[in-house]
Amino acid sequence: MTLFLTNARPYGEGDAVDLLVEDGVITAIGTGLTAPDGAETIDAAGLVLLPGFVDLHTHLREPGGEESETIATGSAAAALGGYTAVFAMPNTSPVADTDVVVEHVRRRGEEVGLVDVHPVGAVTVGLEGAKMAELGTMAKSRAQVRMFSDDGKCVNDPLIMRRALEYASALDVVIAQHAEDHRLTGGAQAHEGVVASRLGLAGWPATAEETIVARDCALAREAGAALHVCHVSSARTIDVLRAAKAAGVRVSAEVTPHHLLLTDARLTSYDPVNKVNPPLRTGPDTQAMRQALAEGVIDVVATDHAPHASQYKDTEWGAAKPGMLGLQTAFSVVVHTMVEPGLLDWRGVARVLSERPAEIAGLPDQGRPIAEGEPANLVLVDPEGVWTVRGEKLASRSSNTPYEGMRLPATVVATVLRGRVTAKDGEVAHV
Ligand code: DOR
Ligand code: ZN
């Protein structure tokens, strides 16, 4: 299989070049190359070429939540969003806490074939926080689990977290923590602050995140383990991360597109589309997230793509499930919040959406340089593109996007997985 890209600008730098991709590998980069007979050709004039995006935090809902998303619909959303690999969180039914479930998710992802689906294994049995799951069995299974998380819930018990980090160190895997001290967030419905007080919603204090991150950094340091902090939302957590990194703790962190852009000011409508965990916080928090991402204190953007069928969202605030779609809008939100204000260039976008996530998860073939001999996991984007978000038109089975009707900059034109076009001009490939 041969693919030929003409006039693309890798990382948006320098003059346009042609790229030849054969059998999933970039075999030539140069000017004035000629397309071999039978090659699929994409005219990339005016487009920027980046390494395919890697999402460390996706909810694909299968098995058990197929009314909200399936591995097929979520993979389509991922390919259309520019992703070549996603990590599927284990809060499914059954929970992905055994080799059987993680292997099922991995296999289904391979059958769909639009994006590499890497199952995240649960840290504790049934996500119940009481008994550690068989991390070693999942790591050594055919699914080769590299990341473990109880996401949706915090591993709140310090003894369980300590043991999990010790196992992670021995197995050379990562523990991804949903940092929320549940003792401080009981009944919480919104960021603890003036908006929640005015609306009469129980508050989720930023300290519930900050204290768990501080505790876990101490535990990770002692265990010599790799800790990844999911969806950082509070400015004060950034101070903790900065200090831990300076002290040599193996800690990485992600921010979601919605915590870069949206604030709790949106809650006044009581529209549950804005309900998410951790909650939307304040304007200064979003500004702090952007700065920390630009500086590298926060390593990556991860979507926390959390599809919910309408019966879980079109209800009153208190009963609605937390979560919002993210896979098809993440890139545009990053351009809007980071590239447009001059906080990141295209190299920086490659770093936060592809290279660092691949490094954190230990994926050898993703987030690689655009160079001869490297695997062709790529995305072509149009920096001048503009589009209007319509939840109904997104590939996800659910339509709970907080960006409904918003005009966003930059479009994904084509996604390439090991030399195969998985999405082009808004359509997914038939594989
Ligand atoms: O908003 C959220 N939704 N936060 C989580 O931690 C879990 C997720 C979900 O599974 O819906
Ligand atoms: Zn979470």
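It should be emphasised that the depicted structure is a prediction, and the values quoted were computed from it without experimental measurement.

**So, the pairing of strand S10 (residues 174-177)**
Burial of S10 is two-sided: the residues Val174 and Ala176 facing one way and the residues Ile175 and Gln177 facing the other way are all buried. Strand direction decides the pairing type here: strand S9 (residues 147-149) and S10, joined by three bridges, are parallel. Looking across to S10, one finds that Ser149 is bridged to Ala176. A crossover links S9 with its parallel partner S10, the connecting element being helix H4 (residues 158-171), and its sense is right-handed.

**Considerations on the site of ligand 1**
In the neighbourhood of ligand 1, 14 residues make up the surrounding shell, with Arg61, Asn91, His178, Asn277 and His308 lying closest. Within the contact set of ligand 1, an oxygen atom lies 2.7 Å away from a side-chain nitrogen or oxygen of Arg61. The contact in question runs from an oxygen atom of ligand 1 to an N or O atom on the backbone of Gly152, over 3.5 Å. Applying the majority rule of atoms within 2 Å of the grid points places ligand 1 in the largest pocket. Of the residues contributing to the shell around ligand 1, the split by class is three nonpolar, eight polar and three charged.

**So, the packing of helix H6 (residues 207-223) against helix H7 (residues 235-246)**
Close contact between H6 and H7 brings their axes to 8 Å; oriented N to C, the two are set at 10 degrees. Here H6 lies roughly parallel to H7, going by the angle between them. Of H7, the residues touching H6 (which contributes Thr207, Glu209, Glu210, Val213, Ala214 and Cys217) are Arg236, Thr237, Val240, Leu241 and Ala244. By residue class, the composition of the contact of H6 with H7 is six nonpolar, two polar and three charged.

**Quick look at the packing of aromatic side chains**
Using the criterion set out here, one finds three aromatic pairs in the structure. Between Phe53 and Tyr83, the ring centres sit 5.7 Å apart and the planes meet at 70 degrees, which makes this aromatic pair edge-to-face. Here Tyr83 lies in strand S7 (residues 83-88) and Phe53 lies in strand S6 (residues 53-58), a separation of 30 residues in the sequence. Residue Tyr83 is classed as buried on the basis of its relative accessible area, which comes to 0%. Chaining the aromatic ring pairs together yields one cluster made of Phe53, Tyr83, Phe331 and Trp346. Taking NZ or CZ as reference, Lys321 lies 4.2 Å from the ring centre of Tyr312, over its face. Positioned above the aromatic ring of Tyr11 is the side chain of Arg347, whose terminal nitrogen or guanidinium carbon lies 3.7 Å from the ring centre.

**A look at the sheet that holds S6**
Within the open sheet, the three strands sit side by side as S6-S7-S8. Their pairing is parallel. Two strands close off the open sheet at either side, each with one partner strand: S6 and strand S8 (116-119). Averaged over all pairs of adjacent strands, the angle between their axes in this sheet comes to 20 degrees, without regard to strand direction. The sheet contact formed by S6 and S7 spans four bridges and is parallel. Note on S7: the bridge partner recorded for Val54 is Ala85.

**Some remarks on the layout of surface pockets**
A volume near 750 Å³ is recorded for the largest pocket. Surrounding the largest pocket, 38 residues form its lining, Asn91, Gly152, His308, Lys321 and Pro322 being those nearest its centre. Each residue belonging to the lining of the largest pocket can be placed in one class, and the counts come to twelve nonpolar, 18 polar and eight charged. There is about 380 Å³ of room inside the second largest pocket. Leu80, Gln328, Trp387, Val412 and Gly426 are the residues nearest the centre of the second largest pocket, which is lined by 17 residues in total. When residues of the lining of the second largest pocket are traced back to their parent elements, those giving at least two are helix H11 (330-339), strand S16 (378-388), strand S17 (407-417) and strand S18 (420-424).

**Focus on the pattern of salt bridges**
Applying the stated rule across the entire model yields 17 salt bridges. Its salt-bridge partner being Arg142, residue Glu110 comes within 2.7 Å of it at the nearest N-O pair. Pair noted here: Glu110 is in helix H2 (residues 99-112) and Arg142 is in the loop between helix H3 (135-140) and S9, with a separation of 32 residues, a long-range link. Owing to a relative accessible area of 41%, Glu110 belongs among the partly exposed residues under this scheme. Ionic pairing is found between Arg162 and Glu222, a salt bridge with its closest N-O pair at 3.3 Å. Remark: Glu222 occurs in helix H6 and Arg162 occurs in helix H4; sequence separation between them is 60 residues. With a relative accessible area of 35%, Arg162 lands in the partly exposed category.

Criteria and thresholds
Residues numbered from 1 in each chain as written. Chains lettered and ligands numbered in written order. Predicted model: local features only at pLDDT ≥ 70, side-chain atom pairs only at ≥ 80, totals over all residues. Heavy atoms only, no water. Buried < 20%, exposed > 50% of the residue type's maximum accessible area, 1.4 Å probe, protein only. Helix = DSSP H or I, 4+ residues; strand = E, 2+ residues; numbered from the N terminus. Pairing = 2+ DSSP bridges. Right-handed = clockwise from strand over helix to strand, strands pointing away. Near = heavy atom within 4 Å. Polar contact = N/O pair within 3.5 Å; in protein donor to acceptor, adjacent residues only side chain to side chain. 1 Å grid on protein atoms, 1.4 Å probe; cavity = no way out; pocket = protein on both sides within 12 Å on 5 of 7 lines; lining within 4 Å. Sits in = over half its atoms within 2 Å of the grid points. Nonpolar A, V, L, I, M, F, W, Y, C, P; charged D, E, K, R; others polar. Axes fitted to C-alpha atoms, helices over the stretch in contact; angles between N-to-C directions. Parallel < 35°, antiparallel > 145°, perpendicular 65-115°, else oblique. Contact = heavy atoms within 4.5 Å. Phe/Tyr/Trp six-rings, centres within 6.5 Å; stacked < 30°, edge-to-face > 60°. Lys NZ or Arg CZ within 6 Å of the ring centre and 35° of its normal. Points joined across faces, edges and corners; volume = space filled by probe spheres on them. Salt bridge = Lys/Arg side-chain N within 4 Å of Asp/Glu carboxyl O.

Everything listed here is a matter of coordinates, which is why it stays silent on function.
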